[in-house]
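# Structure assessment
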Amino acid sequence: MSDIQRWLDESRSRTFCVIGKGKCVHLSRGNDESLCGKLMMDGSRYVGSQDVLDYAPCRTCWKIMERESAELEKGGDAVAGKGRYKVSLTRPVMEFLDGTSCMQGDEEPEIRAEILALSRRSNGTEVGWVSFETLEWLYDYIRTWAEGTEDNAEPGEQRAAFAAHKKIGAIYAQAKEEGATAVAETQGKLKLSEVRGDIRVGSVNGSGGTIHAIKEIDANGRNVPYCSIKSKNMLRSWGPAHEQKATLELCAQCSKHVPTGAVEFTEETVAIPGLDRTVTRRVAKPVTGDDNTNNANGEDPAMAAKTSGTMTKATQNEVAEAIRANIARLASMDGEGTAEGIEALREEIRKATEEITGRGAAGIKATLRAEADKAMETATAATKSDAEAEPDAEEKPDAEVVSLATKSVEDIVDFAKLVEIGAQRVREAATESFEKGRAVGDVQHAMRLGSTDKDGDPDLNARQDITKKGAGRIYELVLANLPEEGADPDADVIRERIGTIQTDARRAMQTIQPEYIRSLDVEPDPQAEDYEEQKATLEAHRARFHNALKMFPADFMVDDEEDGKPIKRPIKWSERVFDYYEKKGKPLRRYTRAEEAAQKRAIKRSQKAQLEAAVEAGELTQEEADATLNPEATPEEVKEKADKRAKSAVLRLIDDAKKLESEEEKTARLDEIASMLTALRKEIKKAETAAS
């Protein structure tokens, strides 16, 4: 089988496509994007194999296809017998997984290594082959993510979570059907009959959700599971494990940490309130930390969490609270402790801080380090002061400098010189960035001059779709000629920087446009050697704006002022063009970015001076002046902005649904959106009822 045929057979959605009016045939996964990263803009189309011979193949697409085809040949189909499964994880999925304790380096290094080994595509998607254990881990975590986004997540996140759950779920289900059940058993999902009977269990979404083991109740009254589930909804308890159906399976992550083993039950007679009857109830005898638990040493739950590599939020808070108590003790050692004592306590705090693990551990540790450093400064400063207060005393080891760290930026060697050099380098980099952006902007400006709008005028604001596509071709050509990702470091830098270059070019265009229009006013020097050539060039540029000349002919006069007296003078070419475009409803920028910034600063200075005068005169308070100078958004403005965001989010969902290839999928997705809007209307009705 040929490489191309093997690649096409991998999925029915894979096919050929032509981007815009290009003469190359590309390969696509049917997702409105070519393998080389080009989006299918207006005029693009999918083509069949019979049409391919009329076009030259895109070299980048074919290289990617050959590489993926080789992976398919080597890895074979995703069946349980071969133990490897093809997965594709989009950028939102990877952003979610990056927050898990596994990807933060706290647990399951084999799974983390497999995910990190996936190949990254140009659109940020990670693709590759994983083991059944990693596939099941992905399925569990992505399902938890999808469950947690059902009610309160942003539409984009919810859509990404549901799509990922559906895709990974299908691969996982196929793997189980084709013989992976035996592997699943070795993974270690516990049945509720294997969980210690007194442990409470529950789920996020009622009886149909993933079952979790409940470890404790936090300060806010929420149930905390043994795993690191991420959910905005409350974990609801079903009751002790011994009261549940024995064959139900526990979450894979909870199964690794939940206590197991036998538990002693007692029979207890309970009276039914209001009735002259009693019933017998089985009650689990409370188990201490060293009985029937996975922590064979009977250690403290917080220490057990550290040892196992996972900490719940409640455990993190408990450990952080203990560390902060030591930090407070460190700060209070102002003259009471020796230098060795201070350093010993500081080391104890450091070690305890580094032992914090779990989701969000990096942020907690950074905060604790900063607090400890501040307390250390207080303690060492007090010790140093005590030593200086006793100049006649015999020098003791306690009075020695504890820390050799630099105390102030001014103490950095050659600080002033390095700051000056660095500032100069920043200025040079900014100037270079602007100049390079301007060089690209000059080319795009030339394209706009060569493209006309519906009125026959130069499309200087790129309102026409054709004009926008023309500029886009510049970047497409750059990307199309690059080797595949990872083959050339310089090419990878270009991929990363191309977005910044586009931004620099757009900003430069805000200066290029007004400067070009003003250049129409400048007559060439008659004494110049190439005067005739300059004059012809100027007339050619002016001729582009023939419609402006018709609206404002050569004898058109405008009001002006000279030596304080009103006069009439002929209109300038720049004024003619600016005024014409404004009257036609397509205004141009009259000032450069620098000039606009200077105008804003001048207005701000004038307003500030007026307000300061009003404060001195007693007409305004300082608070009123500050509020006038830096006004906060009004409630109406905040509401309008929120409404706009919500409407845009719904419209994006609808647009995405329209792009689905299958009519069945498109209809189903639109029905889902309609159901969501119906549910929102019900919530609005509830709120209206409650308010009334």
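Residues numbered from 1 in each chain as written. Predicted model: local features only at pLDDT ≥ 70, side-chain atom pairs only at ≥ 80, totals over all residues. Heavy atoms only, no water.

We now examine the sheet that holds strand 6 (residues 119-120). Strand order across the open sheet formed by three strands is 5-7-6, with antiparallel pairing between neighbours. Strands with a single pairing partner mark the edges of an open sheet, and in this sheet they are strand 5 (85-89) and strand 6. Of the pairings in the sheet, the one linking strand 6 to strand 7 (residues 126-130) comprises two bridges and is antiparallel in character. When the bridges of strand 7 are listed, R120 appears paired with E126. Across the sheet, helix 5 (residues 132-148) touches strand 5 and strand 7, and the angle it forms with strand 5 is around 35°. (Pairing = 2+ DSSP bridges. Helix = DSSP H or I, 4+ residues; strand = E, 2+ residues; numbered from the N terminus. Contact = heavy atoms within 4.5 Å. Axes fitted to C-alpha atoms, helices over the stretch in contact; angles between N-to-C directions.)

What follows deals with the packing of helix 12 (residues 415-449) against helix 13 (residues 465-480). Orientation of helix 12 relative to helix 13, taken along the N-to-C sense of each, is 145°, at an axis distance of 9 Å. Here helix 12 runs over helix 13; the crossing is right-handed. Note on element contacts: helix 13 touches helix 12 through T467, G470, A471, I474 and Y475, opposite V440, V443, Q444, M447 and R448. Its residues placed into classes, the contact of helix 12 with helix 13 shows six nonpolar, three polar and one charged. (Left-handed = near helix turned anticlockwise from the far one by under 90°. Nonpolar A, V, L, I, M, F, W, Y, C, P; charged D, E, K, R; others polar.)

To continue, consider the sheet that holds strand 2 (residues 24-28). Backbone hydrogen bonds are what pair the strands of a sheet, in a parallel or an antiparallel way. Spatially, the four strands line up as an open sheet ordered 3-1-2-4, and their pairing is mixed. Of all strands in the sheet, those bounded by a partner on one side alone are strand 3 (45-47) and strand 4 (56-57). Here strand 2 pairs with strand 4 via two bridges, running parallel. Paired with C24 across the bridge in strand 4 is A56.

Within the element layout of this structure, A508 appears in helix 14 (residues 489-519). With a relative accessible area of 0%, A508 lands in the buried category. In the structure, A508 is positioned 71 residues away from G437 in sequence and 6.0 Å away in space, judged by C-alpha atoms. Setting aside residues up to four positions removed in sequence, A508 forms contacts with F434, G437 and R438. (Buried < 20%, exposed > 50% of the residue type's maximum accessible area, 1.4 Å probe, protein only.)

Attention shifts here to the environment of I512. Here I512 lies in helix 14. As for I512 and Y591, which are separated by 79 residues in sequence, their C-alpha atoms are 9.9 Å apart. With residues up to four places along the chain from it excluded, the contact list for I512 reads R438, G441, D442 and H445.

Below, the discussion takes up the packing of aromatic side chains. Tallied over the entire structure, the rule returns nine aromatic pairs. Ring geometry for W137 and Y141: centres 4.5 Å apart, planes at 35°, overall tilted. Taken together, the positions of W137 and Y141, both in helix 5 and four residues apart, correspond to about one turn of that helix. We classify W137 as buried; its relative accessible area is 1%. Looking at Y141, the relative accessible area reads 7%, which means it is buried. Plain terms: the ring middles of F552 and F556 are 5.2 Å apart, the flat faces sit at 80° to each other, and that makes the pair edge-to-face. Aromatic rings pair up to connect Y85, F132, Y139 and Y172 into one cluster. A cation sits over an aromatic face here: K586 above Y581, 5.2 Å from the ring centre. (Phe/Tyr/Trp six-rings, centres within 6.5 Å; stacked < 30°, edge-to-face > 60°. Lys NZ or Arg CZ within 6 Å of the ring centre and 35° of its normal.)

Bringing the packing of helix 12 against helix 14 into the picture now. Closest axis-to-axis distance for the helix 12/helix 14 pair is 7 Å, and the angle between their directions is 65°. Pair helix 12 / helix 14 crosses with right-handed handedness. Contact residues: S433, F434, G437, R438, V440, G441, D442, Q444, H445, R448 and L449 in helix 12; I501, D504, A505, A508, M509, T511, I512, Q513, E515 and Y516 in helix 14. Tallied by class, residues from the contact of helix 12 with helix 14 come to nine nonpolar, seven polar and five charged.

Let's shift gears to a nonpolar patch on the surface. Together, V409, I412, L418 and I421 line one region of the surface with nonpolar side chains, adding up to about 320 Å² of accessible area. Within the fold, I412 resides in the loop between helix 11 (361-388) and helix 12. (Patch = residues over 30% accessible without salt bridge, like charges linked within 9 Å, V, L, I, M, F, W, Y side chains within 5 Å. Areas by Shrake-Rupley, 256 points an atom, 1.4 Å probe, with all protein chains shown as cover. Salt bridge = Lys/Arg side-chain N within 4 Å of Asp/Glu carboxyl O.)

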